[in-house]
Amino acid sequence: MRKNKDFIHPYMPNSVPAIKKSMLDEIGVGSVEEIYKSLIPDDLLYKERLDLPEPIVSEYELRKHVMGILRKNVTTETYASFLGAGCYRHQVPAICDELNSRGEFLTAYCGDTYSDHGKMQAIFEYASMMAELLDTDVVSYTTYDAGQSVSSALRIALRVKEAQGRPKDVVLVPSTMNPEIYSQACAYCRNAAKVVQIDCDKATGLMDLHALEAKLKPGNAAAVFYENPSYLGFFEIQAQQIASLAHSYDALCIAQPEVASLGIVESPANLGADLLCGDIQPLGMHMQFGGGQAGFIACQQRLELMEQFPTYMYGIAKTSQEGRYGWGRAMNYRCSHGSREKAREYFGTETGLWGITAGIYLASMGPRGMYELGETILQKTAYAIRQLSKVDKITVNPFGGSNFQEFVINFDQTKMTAAQINQALLSKHIFGGKDLSKDFPQYGQSALYCISELTTEDEILSLKEALTEIIRGC
């Protein structure tokens, strides 16, 4: 920062020297530094100048500088993309961007009844439409992302069992689970339980039910978790058996569905799952270089589960005026807003805008639109698997069966690594699949390829041609 005390920062409120002095005089200190020194031990204070550039005070120059940095990126708008693995390129209706950029939504950080501007009703409507999509009674306020929603759902199960007087110290997950979410869940649960992976069938990728039952038999598992479709794209067709096994050993069943598939696929809530969790990014959010994520947690009307939800829940109530309704936070004592350090967990509020966006998306799509979305992705995925299976020396969809949105391609016969394949594809203006060789070494040199409703026939055929040329030249 500049040492000139008369400098007025264009983007920092109350930086006018006279206003700043007035505020400091009010609390009886001579400088902001005095406040820091009164709170932070001297040995922890950094006394040198931070290695930061001088502020760019011109709005035009700042925009030019930032855009210059951003232009170094190559986006999915420029290259054909087959990347997914948790963040997907879907069609975003123009109405989503139009409405979520309105000031009453964009800047209404955490308004209550005195500064709500319709935010509470909008989130209530989002939760209602999500509940219809999921076929559940209760949907939480948004979490940071799928990782937090999965991790929080596991902690909910642990708290439920503790509240029932039957504390458990293990949660069970499939070995094919999203590796980033698995890592997050291990960290989130480490002071309460151990996250144990269940072996999956090497031929089909499906969870090994015998291995699952063996891990359940000690009776110390609070929950069994599965993804449907799985991280590797195939459907977990044993959902009902998994839930039944979990319940027979006094464990909850937690499922992570892919929301884009729920227009055509049965909700795990109707297959025995107690808690549903996942990401709403496919519902009207751009990829945004990995941002724009938000998660959900949902269940049926079961008080023992609802009381352990860490996030806001929004309810509807009658008012004194006949025919008019109001919206407000339900069971607020559970969350950090209601009871601070005594809350179930801490959660933030920065993803509420994405909940509103998802509500706008669901309202614009309707049941028929969600059906067509799922149907289109399912058909395009099957088409891509058929076309790419014609390429020599690669194994496409080694697990067989039907896939939604994603599938594995193995390159072991080419003697090239997945990274080398991706580098060669990049030179042809194609983003290849997510390299799986580090997270899933048991599947060799493999990559996870993603197809969305935006993937065109030409892009699939171009990928087929590019892989043929790359492998022919290896």
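Please refer to the structure higher up on the page.
Chemist: Would you explain the overall build of the protein chain in this entry?
Modeler: A tally of regular secondary structure across the protein chain gives 15 helices and 15 strands. Taken over C-alpha atoms, the radius of gyration comes to 25 Å for the protein chain, in line with the 23 Å a tight globule of 474 residues would show. With respect to the principal axes defined by its C-alpha atoms, the protein chain has extents near 75 × 60 × 55 Å. Residue burial in the protein chain is summarised as follows: out of 474 residues, 49% are buried. Looking at the protein chain alone, contacts between residues at least 24 apart form 70% of all its contacts between residues at least 6 apart. As displayed, the protein chain has an accessible area near 24,000 Å², and 52% of this comes from carbon and sulfur atoms. Distance from the positive charge centre (44 side chains) to the negative charge centre (56 side chains) of the protein chain: 4 Å.

Chemist: So what exactly am I meant to see when it comes to the layout of surface pockets here?
Modeler: Taking a probe equal in size to a water molecule and rolling it over the atoms shows the remaining empty space. In this model, the second largest pocket occupies a volume close to 1,100 Å³. Looking at the second largest pocket, it is lined by 48 residues, and the ones nearest its centre are Gly84, Gly86, Cys87, Tyr88 and Gln293. Of all the secondary structure elements, the ones that give two or more residues to the lining of the second largest pocket are helix H7 (146-163), helix H8 (179-189) and strand S6 (252-257). Looking at the lining of the second largest pocket residue by residue, the class counts come to 20 nonpolar, 19 polar and 9 charged.

Chemist: Would you explain the packing of aromatic side chains in this entry?
Modeler: For any pair of aromatic rings, the description consists of the separation of the ring centres together with the inter-plane angle of the planes. As enumerated under the stated definition, the model contains 11 aromatic pairs in all. Seen from their ring centres, Phe407 and Tyr449 are 6.5 Å apart, and the 20° between their planes marks the pair as stacked. One end of the pair, Phe407, is in strand S12 (residues 406-410); the other, Tyr449, is in strand S15 (residues 446-450), and 42 residues separate them in sequence. Classification of Phe407 as buried rests on a relative accessible area of 0%. These aromatic residues form a ring-pair network of at least three members: Tyr231, Phe234, Phe399, Phe440 and Tyr443. In this structure, Arg329 is placed above the aromatic ring of Tyr312, and the distance from its NZ or CZ to the ring centre is 4.0 Å.

Chemist: Sorry, what's going on with the pairing of strand S5 (residues 221-228) here?
Modeler: In terms of burial, S5 is largely enclosed, as 8 of its 8 residues are buried. Pairing between strand S3 (residues 170-174) and S5: 3 bridges, direction parallel. Bridge pairing in S5 links Leu172 to Val224. Across 6 bridges, S5 lies against S6 in parallel orientation. Across the sheet, Ala223 pairs through a bridge with Leu252, a residue of S6. Between the parallel elements S5 and S6, the chain passes through helix H10 (residues 239-248) in a crossover that is right-handed.

Chemist: What's the story with the side chain of Asn228 in this structure? I'm lost.
Modeler: Relative to the elements of secondary structure, Asn228 occurs in strand S5. Overall, the relative accessible area of 10% leaves Asn228 in the buried class. Once you skip the residues sitting within four places of it in the chain, Asn228 turns out to touch Phe235, Glu236, Gln256, Pro257 and Glu258.

Chemist: Looking at this structure, I do not really get the pairing of S3. What am I missing?
Modeler: For S3, the tally of buried residues reaches 5 of 5 residues, placing the bulk of the element in the interior. Neither face of S3 is left uncovered, since the one carrying Val170, Leu172 and Pro174 and the one carrying Val171 and Val173 both have all their residues buried. As defined by bridge partners, S3 adjoins strand S4 (residues 194-198) across 5 bridges and the pair is classed as parallel. Paired with Pro174 across the two strands is Ile198, which belongs to S4. Regarding topology, H8 serves as the crossover connection from S3 to the parallel S4, and that connection is right-handed.

Chemist: Can you help me understand the pattern of salt bridges in this one?
Modeler: Where charged atoms from two side chains of opposite charge approach closely, those side chains can pair. Inspection of every chain in the model, using the stated rule, returns 14 salt bridges. Of the charged contacts in the structure, one is a salt bridge between Arg89 and Glu77, with a shortest N-O distance of 3.9 Å. Residue Arg89 is located in the loop between strand S1 (80-81) and helix H4 (94-100), and its partner Glu77 is located in the loop between helix H3 (59-70) and S1; the two are separated by 12 residues in the primary sequence. Exposure remark for Arg89: the relative accessible area of 22% places this residue in the partly exposed category.

Chemist: Just checking my understanding: could you explain the sheet that holds strand S11 (residues 395-396) for this structure?
Modeler: Strand pairing in a sheet relies on backbone hydrogen bonds. The paired strands run either parallel or antiparallel. With respect to topology, 4 strands assemble into an open sheet ordered S11-S12-S15-S14, the strand pairing being antiparallel. Edge positions in the open sheet fall to S11 and strand S14 (434-435), since each of these has one partner strand only. Taken together, the 2 bridges between S11 and S12 define a ladder with antiparallel strand orientation. The residue of S12 that forms the bridge with Val396 is Ile409.

Chemist: I would appreciate a short explanation of empty space enclosed by the protein in the present structure.
Modeler: For the structure on display, the rule yields 2 cavities of 30 Å³ or more. The calculated volume of the largest cavity comes to roughly 70 Å³. The wall of the largest cavity is formed by Ser81, Leu83, Arg89, Cys450, Ile451, Ser452 and Thr455. Of the residues belonging to the lining of the largest cavity, the class tally is 3 nonpolar, 3 polar and 1 charged. Of the volumes computed, that of the second largest cavity is approximately 40 Å³. Considering the residues around the second largest cavity, the lining is formed by Pro174, Thr176, Gly205, Tyr226, Glu227, Ser230, Phe234 and Glu236. Class assignment for the residues of the lining of the second largest cavity results in 3 nonpolar, 3 polar and 2 charged.

Chemist: Hey, could you run me through H7 in this one?
Modeler: Working note: α-helix, 3.6 residues per turn, so residues spaced by three or four point in the same direction. Here H7 spans 25 Å end to end across 18 residues, near enough to the 26 Å set by a 1.5 Å rise per residue. For H7, the buried fraction is high: 16 of the 18 residues fall into the buried class. Directly after H7, the chain includes Gly165, whose backbone phi takes a positive value near 80°.

Basis of the calculations
- Every chain begins its residue count from 1, and numbering advances along the sequence as written.
- Local features in this predicted model are restricted to residues of pLDDT 70 or higher, and side-chain atom pairs are both shown and tallied only at a pLDDT of 80 or more, whereas totals for entire chains, interfaces and linings draw on every residue.
- Values reported for side chains reflect all heavy atoms of the structure, with hydrogen atoms and water molecules removed beforehand.
- By the criteria applied, helices consist of DSSP H or I runs no shorter than four residues and strands consist of E runs no shorter than two, each listed in order from the N terminus.
- Put simply, the radius of gyration uses C-alpha atoms, and a globule should come to 2.2 Å times the residue count raised to 0.38.
- The cut-offs for exposure are 20% and 50% of the maximum accessible area for each residue type, with area from a 1.4 Å probe on protein chains only; residues under the lower value are buried, those over the upper are exposed, and the others partly exposed.
- Residues are treated as being in contact if the distance between any of their heavy atoms lies within 4.5 Å.
- Each accessible area is a Shrake-Rupley estimate made with a 1.4 Å probe; only the visible protein chains count as cover when residues are assessed.
- Positive: Lys, Arg. Negative: Asp, Glu. His and the chain ends are not part of the count.
- Here the site of a charge means NZ on Lys, CZ on Arg, CG on Asp, or CD on Glu.
- Whether a set of points on the 1 Å grid over the protein atoms alone is a cavity depends on a 1.4 Å probe fitting there but being unable to get out, while an open set qualifies as a pocket with protein on both sides within 12 Å along at least five of seven lines; lining residues are those with an atom within 4 Å of a point.
- Grid points are joined across faces, edges and corners, and a volume is the space filled by probe spheres set on the points.
- The classification used treats Ala, Val, Leu, Ile, Met, Phe, Trp, Tyr, Cys and Pro as nonpolar, Asp, Glu, Lys and Arg as charged, and all other residues, Gly among them, as polar.
- Two aromatic rings, drawn from Phe, Tyr or Trp (for Trp, its six-membered ring), form a pair once their centres lie within 6.5 Å of each other, and the interplanar angle then sorts them: stacked below 30 degrees, edge-to-face above 60, tilted otherwise.
- In this analysis the charged atom, NZ for Lys or CZ for Arg, is taken to sit over a ring once it is within 6 Å of the ring centre and within 35 degrees of the ring normal.
- A pair of strands is labelled paired if DSSP reports no fewer than 2 bridges between them.
- Place the viewer so that the strands point away; then a crossover is right-handed whenever the path from the first strand over the helix to the second strand goes clockwise.
- Salt bridges are counted wherever a side-chain nitrogen of Lys or Arg sits within 4 Å of a carboxyl oxygen of Asp or Glu.
- One fewer than the residue count of a helix, multiplied by 1.5 Å, yields its expected span.

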